[in-house]
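# Coordinates in review
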Amino acid sequence: MIKAMINNTEIEVPEGTTILAAAKKANINIPTLCYHPDLIPGGQCGICVVEIEGIPGLKRSCMTPIGEGWKVHTHTPRIMATRKQLLDLILSNHDTDCLTCIKNNNCELQGLAATLGINSIEYQKMEEKLPVDNTSVSIVRNPNKCIFCGRCIQVCSNIQSVNALAVNNRGYESAVTTAFDAGLGNSPCVNCGQCVVHCPVGALYEQSHIEDVWRAIHDPDLFVVVQEAPAVRVMLGEEFGMEPGSLVTGKMHAALRRLNFDAVLETNFTADLTIMEEGVELVSRLKSGKNLPLITSCSPGWIKFMETFYHTLIPHMSTAKSPQQMFGAIAKTYYAERMGIPPEKIVSVSIMPCTAKKFEAKRPEMRASGYQDVDYVLTTREIGRMMREAGIDLREMPDEPADDIMGEYTGAATIFGATGGVMEAALRSAYFLITGRELEQLEITPVRGLKGIKEAEVDIDGVKIKIAVAHSLGNARRLLDRVVEQLKNEGRSEYQFIEVMACPGGCVGGGGQSWGSNMAKRARRGEALYNEDRSLPYRRSHENPSIKAIYEKFLGSPNSEKAHKLLHTRYFKRSPIDGKIIDGENTTERR
Amino acid sequence: MSSEGHCRCTQIEEESLYTELEKILEGHKGRGKDLIIVLHKAQGLFGYLPRKALEMIALELDVSINEVLGVVTFYNFFSTQPTGRNSIKVCLGTACYVRGGPGVLKQAEKDLGIKDGETTGDRRFSLGVVRCIGACGLAPAMIVNNDVYGRVKTTKIMEILEKYE
């Protein structure tokens, strides 16, 4: 333990504690800008500087471990003047059109300017306007807002191991950009949006579909259906000032109805459908022993990552579409048919914790219904904005159920939103499909939680299967390098079933979730999903009465020809230079 | 650094150099640590670093294209632009700056249809900037290859350049 003084408060902290963390313990808040609790401090901005008696110069508190007997001062006139000057310099070439900025009221730079009492910008403004990068269908990058904190680069390279963003050039010319300035849409970017949720300012945000959705809602000729991903119901509350981890399923349905969506349905319904298709796939691969391990395919960021960096694993991928895309295909066929609505009049909107879902919806192969299956994708942030625009306060909403015939769901579906959830849900049903009996111990705890790579062995009627779960693409890379090596050297892998989610924490930590996210909040959202699971009458996908109905009345059986046409997909090899498809060949055989 | 000796290469010759590059890359497969050495060799080969070469290097060394670009754009030695047969340097030192250097640069850019740091499509000229060449009395000054031109008038730039093939 180390004893030191911060502003005349005595503190005792473990060795290695930074001054910033030590001060926090003493209830002293040192202002920060580039610092993020989930990232390694880089000290780029210098806002968190402090003075230490006997040590010349100012030290960055975010990356300086406190020393024995140090006397640290955090708010002397010299420090306060330095901070103001640093911020002045940042503001001198920051595009300060705050009123029309996507981050208005959520901006860390704006907040800091208020905290430090900036009432004028001392330096002459640099007026140079750089072009906004609109090349990606998921993410927009406005370099005029960038403050060089480096968070996006760190998360893209270190945590996600994608390396789409980097600093190019040097000195005044240096810029955070993509290789050759080609734009995110022409880079290996997988659209996960972790750069977006880590950006302190308005330099990175989603390609908005808000205007398109308003137009569709206001068009009396169109029938607008909406689906909500599991992770949205534990996030949306935060958009309205509720505690992280508030479960707002019923309020969300009510609010969407008041936004005048014609039918409020559920992604969770098609999450159950995904389990039926993927579960049968797992069982058949376990029986044949072919193309094991089976790897899950729900996360579109992961899919593009796999296509770009691990295309040799394509035969191992589940061909089951993600719940969003299954919903899209079913809404314009089954739902249209049963409800007597012409499919061309249906506009299919999804609410997702995700920016990669915007890319997934626009993939040219996602037109199984004969139309673009999912027309518009809104992030949790966007639907929050729409609700506020419409004068809806989620907290005041009653609890309402989703609409029939695509609104009913089980606990297995709702845990899709947390890392390990798809695995757990699939095993609950696979056990039944293999043994004909129900799994007694429903909760498969070794696959829960925020450990980067989780492994377990599951006993299915005497047959042991080894499973692994990875979240964040950096962890996926670590796991899959091992798998690729095993397949190459031994012709088989130690694992039979692998779940990968692109975002840290799974979908609850998605790139479309509210600003100001961190791992601690992600964990609470995940917990809330497991709580909902426990509260639901059905907890296994195959028990869902609406799922039974769709197979009975429409699809036949899981993996039937019709199910294959509508609910399964294929993958492509992509270039790690620009993310474009290399060979247009159908690289997975439809079985 | 100059890349003279390669500066007369045509597009067709450049194509044949990629086979050479492939040979160089063979010894560095999957070796990201060799990046700078390989970039040196590639620039020696082409006289600059064409985009296609950078992409090949990234794929063969198994490093991201962004890492390659980060290094290439950081070091002055590396150039992603081919160099021309004749080098034009416009002086923007203090004296030239106040006597109209920026205007000369702007006009040269306009006349040649390229920006500072670029090369014309026919590789006849590369355009760049220097900070003082010690010819302050002749400001604004400009150097073409080894010839110094003083009191440059924006209307006379093309006349000067005509001499250089």
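What you are looking at is a predicted structure, and each value in this text was computed from that prediction instead of being measured.

Attention now moves to the overall build of chain A. Assigned secondary structure in chain A consists of 19 helices and 17 strands. For chain A, whose C-alpha radius of gyration is 25 Å, the value lies close to the compact-globule estimate of 25 Å for 591 residues. Viewed in the frame of its principal axes, chain A has a C-alpha envelope of about 75 × 60 × 50 Å. Buried positions account for 53% of the 591 residues belonging to chain A. Sequence-distant contacts in chain A: of pairs separated by 6 or more residues, those separated by 24 or more amount to 74%.

With that out of the way, let us pick up the overall build of chain B. Summing up its helical and strand segments, chain B has 7 helices and 4 strands in all. When the helices and strands of chain B are listed from N to C terminus, the series reads α-α-α-α-β-α-α-β-β-β-α. Each of the three principal axes of chain B carries a C-alpha extent, and together these read 55 × 30 × 25 Å. Taking the intrachain contacts of chain B between residues at least 6 apart in sequence as the baseline, contacts between residues at least 24 apart amount to 62%.

Quick look at the domain arrangement of chain B now. For chain B, the domain assignment lists domain 1 (11-74) and domain 2 (86-161). Centre-to-centre separation of domain 1 of chain B and domain 2 of chain B, based on C-alpha positions: 32 Å.

What follows is about the sheet that holds strand β17 (residues 497-501) of chain A. As a general point, the strands of a sheet are linked pairwise by backbone hydrogen bonds and lie either parallel or antiparallel. Residues and elements named next belong to chain A. Strand order in the open sheet formed by 4 strands is β12-β17-β16-β15, and the pairing between neighbours is mixed. Edge positions in the sheet fall to β12 (294-295) and β15 (453-460), since each of these pairs with one other strand and no more. By the bridge criterion, 5 bridges tie strand β16 (residues 463-471) to β17 in an arrangement that is parallel. Along β17, the bridge assignment pairs V469 with E499.

It helps to recall that an α-helix has 3.6 residues per turn; residues three or four apart then point in one direction. Buried residues of helix α13 (residues 380-389) of chain A: T380(A), R381(A), E382(A), I383(A), G384(A) and M387(A), and no others. Where the residues of α13(A) are buried, they touch β9 (204-206), α6 (210-218), α7 (236-239), α8 (249-258), β13 (346-352) and β14 (376-379) of chain A.

What follows covers the interface of chain B and chain A. Taken residue by residue, the interface counts 12 residues in chain B and 12 residues in chain A. Of all the secondary-structure elements, those providing two or more residues to the side of chain B that touches chain A are α3 (51-61) and α4 (65-74) of chain B. When residues of the side of chain B that touches chain A are assigned to their parent elements, the largest contribution, 7 residues, is made by α4(B). Among the residues making up the side of chain B that touches chain A, the classes are represented as 5 nonpolar, 4 polar and 3 charged.

Quick look at the sheet that holds β14(A) now. All names here are of chain A. With respect to topology, 4 strands assemble into an open sheet ordered β11-β10-β13-β14, the strand pairing being parallel. For this open sheet the edge positions go to β11 (263-264) and β14, each flanked by a neighbour on one side alone. Pairing between strand β10 (residues 223-228) and β11: 2 bridges, direction parallel. When the bridges of β11 are listed, V225 appears paired with A263. Sheet contacts for α13: β13 and β14; angle to β14, the most-contacted strand, approximately 85 degrees.

Moving on, we get to the domain arrangement of chain A. Residues and elements named next belong to chain A. If you check the domain split of chain A, you get domain 1 (2-90), domain 2 (129-207) and domain 3 (210-567). Domain 2 and domain 3 are separated by 27 Å when their C-alpha centres are compared. Taken together, the contact pairs 18 residues of domain 2 with 25 residues of domain 3. Listing elements by their share of the side of domain 2 that touches domain 3, those giving two or more residues are α4 (151-159) and α5 (194-198). Counting residues per element, the side of domain 2 that touches domain 3 draws most heavily on α5, which supplies 3 residues. A class-by-class count of the residues in the side of domain 2 that touches domain 3 yields 9 nonpolar, 8 polar and 1 charged.

Thresholds applied
- Residues numbered from 1 in each chain as written.
- Chains lettered and ligands numbered in written order.
- Predicted model: local features only at pLDDT ≥ 70, side-chain atom pairs only at ≥ 80, totals over all residues.
- Helix = DSSP H or I, 4+ residues; strand = E, 2+ residues; numbered from the N terminus.
- Rg over C-alpha atoms; globule rule 2.2 N^0.38 Å.
- Buried ≥ 20, exposed ≤ 12 C-beta atoms within 10 Å, placed from the backbone.
- Contact = placed C-beta atoms within 7 Å.
- Domains from an automatic or database assignment.
- Pairing = 2+ DSSP bridges.
- Nonpolar A, V, L, I, M, F, W, Y, C, P; charged D, E, K, R; others polar.
- Axes fitted to C-alpha atoms, helices over the stretch in contact; angles between N-to-C directions.

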